[in-house]
Amino acid sequence: MIPAQHSRRHSQTEPVFVGFAGRIGVGKTSAAKYLSSSYGFQYTRYSQVLREWLAPDTVTRERLQEFGWEIMAGGRQAELNRRLIAGLDRSRSAVIDGLRHSIDFGSLSEAFGDSFHLIFLEAGRDFRFERLRSRLSTRESFQAAESQPVEEHIDSLKAPASTIISNEQSLEALYKQLDAWVSHRAGIGVLR
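Residue positions are given per chain, counted from 1 along the sequence in the order it is written. Owing to the predicted nature of the model, reporting of local features is limited to residues with pLDDT of at least 70; listing and counting of side-chain atom pairs is limited to 80 or more, with chain, interface and lining totals taken over all residues. With hydrogens and water stripped out, all remaining heavy atoms of the structure feed into the side-chain values.

A. Up close: the pairing of strand S1 (residues 17-21). Only protein chains enter the accessibility calculation, which uses a 1.4 Å probe; a residue whose area is less than 20% of its type maximum is buried, one above 50% is exposed, and one in between is partly exposed. Segments assigned H or I by DSSP are reported as helices when at least four residues long, segments assigned E as strands when at least two residues long, and all are numbered from the N terminus. Of all 5 residues making up S1, 5 are buried, and the element is well covered by its neighbours. Burial of S1 is two-sided: the residues Phe 17, Gly 19 and Ala 21 facing one way and the residues Val 18 and Phe 20 facing the other way are all buried. With 5 bridges joining them, S1 and strand S3 (residues 94-99) adopt parallel strand pairing. Counted as the bridge partner of Gly 19 is Ile 96 from S3. Note: two strands are recorded as paired if DSSP finds a minimum of 2 bridges between them. Note: S1 against strand S4 (residues 116-122), 5 bridges, orientation parallel. When the sheet's bridge partners are listed, Phe 17 is paired in S4 with Phe 116.

B. Spotlight on the sheet that holds strand S2 (residues 42-45). The parallel open sheet is built from 5 strands, whose spatial order is S2-S3-S1-S4-S5. Looking at strand neighbours, the two that pair on one side only are S2 and strand S5 (163-166), the edges of this open sheet. Neighbouring strand axes in the sheet, compared pairwise and without regard to direction, differ in orientation by 20 degrees on average. Pairing of S2 with S3 involves 4 bridges; the strand directions are parallel. Opposite Thr 44, over in S3, you have Ile 96 as the bridge partner. Contacts are assigned to residue pairs that have any heavy atoms within 4.5 Å of one another. Interaxial angles span 0 to 180 degrees and are taken between N-to-C directions of axes, which are lines fitted to C-alpha atoms, for helices over the stretch in contact. Here helix H3 (residues 46-53) sits on the sheet in contact with S2 and S3, set at roughly 65 degrees to S2.

C. Spatial organisation of the pattern of salt bridges. Definition used for salt bridges: Asp or Glu carboxyl oxygen within 4 Å of a side-chain nitrogen of Lys or Arg. Within this structure, the stated rule accounts for 13 salt bridges. The residue Glu 66 makes a salt bridge to Arg 63 at a minimum N-O spacing of 3.6 Å. With Glu 66 and Arg 63 both in helix H4 (residues 61-73) and 3 residues apart, the pair spans about one turn of that helix. One continuous salt-bridge network, built from bridges that share partners, spans Arg 23, Arg 125, Arg 128, Glu 146 and Asp 155.

D. The nonpolar core, seen in detail. Residue types Ala, Val, Leu, Ile, Met, Phe, Trp, Tyr and Cys, when buried and joined through side-chain atoms within 4.5 Å, form a set referred to as a nonpolar core. Judged by nonpolar contacts, the single largest core of 26 residues is most densely connected at Leu 84, Leu 99 and Leu 108. When contributions to this core are tallied by element, the ones reaching two or more residues are S1, H3, H4, helix H5 (77-86), S3, helix H6 (102-112) and S4. Those residues in contact with Leu 84 that sit more than four places away from it in its chain are Thr 44, Arg 45, Tyr 46, Val 49, Ile 96 and Leu 108. Core analysis: the second largest hydrophobic core is formed by 19 residues, Tyr 34, Leu 35, Leu 121 and Ile 165 among them.

So yeah, pure geometry; function would need other evidence.
So this is what it looks like as structure tokens:
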């Protein structure tokens, strides 16, 4: 029988896989990049996989959203997940930015088992609009972006999330919540 202390030390070397989900402007990318820069997680995002899938001269933000919807509506979400998972180094902890569908959660849970953690970020519409004001200057443009078909399944990811973080304060407050999450999960090896 392995002593508890040895078992705990062993678990600290195992990689952790974290996915971030939430509505547009909620801070998924900020959160994911924070885990990458502060804790050494490898970083990937679904749009990166879509970008690699498309012809390089056709890539725009709008085209990525359209293509994401084409993938989802065409029943190819599992293939998107297969490509994303194949691009990860399974020997290192990773953070995945931008889960949008329950198939994403299912694929990542199946691939990584108990090592996968879904974090759902939430914030009110007005707060998210203010964050995106430099990119989406009018409420109409914000509403149009939030109403894209690719965004319609996001709220279904709140129920299976292991952690829900309210992000209606500063980036520093978000980072403190993430540090607390990492500290709580220290037994599974994300601290350097």
